[in-house]
Amino acid sequence: MMEDQKKAYLHTTWKKVEDKLFGADEIPIAVLKAGKLRDKDKQVIKDKFSGFNRELDEICRLQQTYAVPDPELRATLRYDSRNNISSKYKEFYDKYASVPFTKNPDKYIKNTPETIAVLIDTFFDVS
């Protein structure tokens with residue numbers, strides 16, 4: 001039962017973020033490697049980063065208000081959250097972060113895979 005609840009938590013918490021990273025609007029690798037992005041492609045990448053950042057900010061805001069007093073459960077939820085989203089964000093980040101989709105990358109690329117893990121480690125500890 002506890003495992004089902006953890007799965008439900010992970011799905012509910014991270015689904016919107018994952019949806020921002022991947023979807024039907026994927027840009028072919030050949031186009032990315034050639035660096036010949038159309039304006040539409042650039043906007044898709046901007047929207048993905050912006051949407052991810054917006055959803056992550058909201059998740060962090062909420063999760064940092066939740067307290068999980070049991071240290072083992074807190075560590076497990078953090079670990080599962082890191083494993084769930086960090087690898088997916090790393091895949092996304094590695095694919096798009098070095099692509100010239102904007103003149104202002106800092107406006108869109110606000111996190112590295114490592115900073116995501118650090119953020120998640122702040123969840124559930126309201127002390």
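Nothing here was measured: the structure is a model prediction, and the numbers come from that model.

In this section: the packing of helix α1 (residues 2-21) against helix α3 (residues 39-63). With their axes 7 Å apart at the nearest point, α1 and α3 run at an angle of 160° to one another. Classified by the angle their axes make, α1 and α3 are roughly antiparallel. Regarding α1 and α3, the two cross each other, and that crossing is left-handed. For the pair α1 and α3, contact is made by Y9, T13, W14, K16, V17, K20 and L21 and by K48, G51, F52, E55, L56, I59 and Q63, respectively. Here the contact of α1 with α3 is composed, by residue class, of seven nonpolar, three polar and four charged.

This paragraph deals with the packing of aromatic side chains. Evaluation of the coordinates by the stated rule reveals 10 aromatic pairs. Considering the side-chain rings of F49 and F92, the 4.8 Å spacing of their centres and the 55° angle between planes classify their relative orientation as tilted. One end of the pair, F49, is in helix α3; the other, F92, is in helix α4 (residues 71-96), with 43 residues separating them in the sequence. For the pair F49 and F92, a shared accessibility class is recorded, and that class is buried.

As for its position among the elements, D41 is in helix α3. Owing to a relative accessible area of 6%, D41 belongs among the buried residues under this scheme. Excluding its chain neighbours within four sequence positions, the residues that come into contact with D41 are I27 and V31.

This part takes up α4. Every α-helix winds through 3.6 residues per turn, so residues three or four apart in the chain are directed the same way. Relative to the 38 Å expected for 26 residues at 1.5 Å per residue, α4 spans 36 Å between its end C-alpha atoms, a close match to the ideal helical length. Those residues of α4 that sit buried are R74, L77, R78, D80, S81, N84, I85, S86, Y89, F92 and Y96. The backbone nitrogen of E72 has a side-chain oxygen 3.1 Å away, supplied by the residue at the start of α4, namely D70.

Counting 29 residues, the largest nonpolar core has W14, I45, F49 and F123 as the members making the most contacts within it. Within the residue set of this core, elements represented by two or more residues are α1, α3, α4 and α6 (113-120). With seven residues, the top contributor of residues to this core is α3. When sequence neighbours within four positions are dropped, the list of residues in contact with F123 reads Y9, W14, I59, C60, Q63, Q64, R74 and R78.

Note that side chains of opposite charge can pair when their charged atoms are close. Within the structure shown, the criterion is met by eight salt bridges. The partner of E58 in a salt bridge is R61, and the shortest N-O contact between them spans 2.6 Å. One end of the pair is E58 and the other is R61, both in helix α3 and three residues apart, which spans about a single turn. Its relative accessible area of 34% is what places E58 among the partly exposed residues. Between K90 and D94 there is a salt bridge, with its nearest N and O atoms 2.7 Å apart. Taken as a pair, K90 and D94 lie in helix α4 at a separation of four residues, close to a single helical turn.

Conventions we followed
- Residues numbered from 1 in each chain as written.
- Predicted model: local features only at pLDDT ≥ 70, side-chain atom pairs only at ≥ 80, totals over all residues.
- Heavy atoms only, no water.
- Axes fitted to C-alpha atoms, helices over the stretch in contact; angles between N-to-C directions.
- Helix = DSSP H or I, 4+ residues; strand = E, 2+ residues; numbered from the N terminus.
- Parallel < 35°, antiparallel > 145°, perpendicular 65-115°, else oblique.
- Left-handed = near helix turned anticlockwise from the far one by under 90°.
- Contact = heavy atoms within 4.5 Å.
- Nonpolar A, V, L, I, M, F, W, Y, C, P; charged D, E, K, R; others polar.
- Phe/Tyr/Trp six-rings, centres within 6.5 Å; stacked < 30°, edge-to-face > 60°.
- Buried < 20%, exposed > 50% of the residue type's maximum accessible area, 1.4 Å probe, protein only.
- Expected span 1.5 Å × (residues − 1).
- Polar contact = N/O pair within 3.5 Å; in protein donor to acceptor, adjacent residues only side chain to side chain.
- Core = buried A, V, L, I, M, F, W, Y, C linked by side-chain atoms within 4.5 Å.
- Salt bridge = Lys/Arg side-chain N within 4 Å of Asp/Glu carboxyl O.

Functional significance is not addressed by these values, which are geometric in nature.
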